[in-house]
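Reading the structure
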Amino acid sequence: MLILSTGSIGSNCAKRFKAFDTTVIGIDPYPKNDGSFDEIHTMEALEDELSKADIVVNCIPLFKNTYHLINKRCFDLMKDNAIFVNVSKGAVVDAEALLETLEEGKLMGAAIDVFEQEPLPSDHRLWDIDRLIITPHNSFAGEGNAERIFSCIYNDIKDWLEAEKQES
């Protein structure tokens, strides 16, 4: 399994898949390993790792440099029987490239929780793909959700205050 982002969402995803004795590889612009990943790499390894993975889970945040990061080239590099999951921001994935890939018969399937345009229009061709699971942008929900959100916000503020303190 390849998880794109070793941050909070990626590491929580990795922890769950480790329970199934899965080899979990992480990729991140600033990789960190909390012990959830078997290997971690920088973004430079993306294309190589995409070609090896049976399952690819995208958790990369949306920034200018990650807009349509997962594009047709990335899908072409994936194994024909790979599974692709997007729980990040919709615009990180080029939806037209995903649609084209699935229509070509490539990928065993995909599960998409987020789209660049939400809600996904009722007449969009993605609704007609039988190997695609579409969920209503709720992958964040789960047991302990409030605690995870609080912890994330608290740690971000703490890190920001520490950085401000070091700059002054």
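Right above here is the structure, for reference.
Anyway, here's the lowdown on the structure attached to this text.

**Examining the overall build of the chain**
Helix and strand counts for the chain stand at five helices and seven strands. Sequence-ordered secondary structure for the chain, helices as α and strands as β, is β-α-β-β-α-β-α-β-α-β-β-α. Here the C-alpha atoms of the chain give a radius of gyration of 17 Å, agreeing with the 15 Å that 2.2 N^0.38 yields for 168 residues. The principal-axis extent of the C-alpha atoms belonging to the chain is close to 55 × 35 × 30 Å. Sequence-distant contacts, at least 24 apart, represent 57% of the contacts inside the chain between residues at least 6 apart. For the chain, the exposed surface amounts to about 10000 Å²; the carbon and sulfur share of it is 55%. Computed over 16 positive and 30 negative side-chain charges, the separation of the two mean positions in the chain equals 3 Å.

**As for the nonpolar core**
Residues Ile 70, Phe 75 and Phe 84 are the most contacted members of the largest nonpolar core, which totals 31 residues. Mapped by element, the contributors of at least two residues to this core are strand S1 (2-4), strand S2 (25-27), helix H2 (46-50), helix H3 (72-77), helix H4 (95-103) and strand S6 (109-112). The leading source of residues in this core is H4, at four residues. Apart from the residues lying within four places of it in its own chain, the contact partners of Ile 70 are Leu 4, Asn 58, Phe 75, Phe 84, Val 92, Val 93 and Asp 94. Counting nine residues, the second-largest nonpolar core is a separate cluster that includes Cys 13, Val 24, Cys 59 and Val 85.

**A few points about the environment of Pro 61**
One can find Pro 61 in the loop between strand S4 (55-58) and H3. For Pro 61, a relative accessible area of 37% corresponds to the partly exposed category. Those residues in contact with Pro 61 that lie beyond four places of it in its chain are Ser 5, Thr 66, Ser 88 and Val 92.

**Some points on the sheet that holds strand S5 (residues 83-86)**
Spatially, S3-S2-S1-S4-S5-S6-S7 is the arrangement adopted by the seven strands of the open sheet, whose pairing is parallel. Sheet topology places strand S3 (39-41) and strand S7 (132-134) at the edges, where each strand pairs with a single neighbour. Between one strand axis and the next, the sheet turns through 15° on average, direction left out of account. In this structure, S6 lies alongside S7, joined through three bridges in parallel fashion. Of the residues in S7, the one forming a bridge with Ala 111 is Ile 133.

**Digging into the pattern of salt bridges**
The tally for this structure, following the rule as stated, stands at 10 salt bridges. One salt bridge connects Asp 54 with Lys 79, and the closest N-O pair in it is separated by 2.8 Å. Residue Asp 54 is located in the loop between H2 and S4, and its partner Lys 79 is located in the loop between H3 and S5; the two are separated by 25 residues in the primary sequence. Among the ionic pairs, Glu 103 bridges to Arg 125, the shortest N-O distance being 3.0 Å. On the criterion of sequence distance, the pair formed by Glu 103 in helix H4 and Arg 125 in the loop between S6 and S7 is long-range, its members being 22 residues apart. The class of Arg 125 is partly exposed, set by a relative accessible area of 43%. Among the charged side chains, a salt-bridge network with shared partners connects Asp 48, Glu 49 and Lys 52.

Definitions and cut-offs
Residues numbered from 1 in each chain as written. Predicted model: local features only at pLDDT ≥ 70, side-chain atom pairs only at ≥ 80, totals over all residues. Heavy atoms only, no water. Helix = DSSP H or I, 4+ residues; strand = E, 2+ residues; numbered from the N terminus. Rg over C-alpha atoms; globule rule 2.2 N^0.38 Å. Contact = heavy atoms within 4.5 Å. Areas by Shrake-Rupley, 256 points an atom, 1.4 Å probe, with all protein chains shown as cover. Lys, Arg positive; Asp, Glu negative; His and termini not counted. Charge placed at Lys NZ, Arg CZ, Asp CG, Glu CD. Core = buried A, V, L, I, M, F, W, Y, C linked by side-chain atoms within 4.5 Å. Buried < 20%, exposed > 50% of the residue type's maximum accessible area, 1.4 Å probe, protein only. Pairing = 2+ DSSP bridges. Axes fitted to C-alpha atoms, helices over the stretch in contact; angles between N-to-C directions. Salt bridge = Lys/Arg side-chain N within 4 Å of Asp/Glu carboxyl O.

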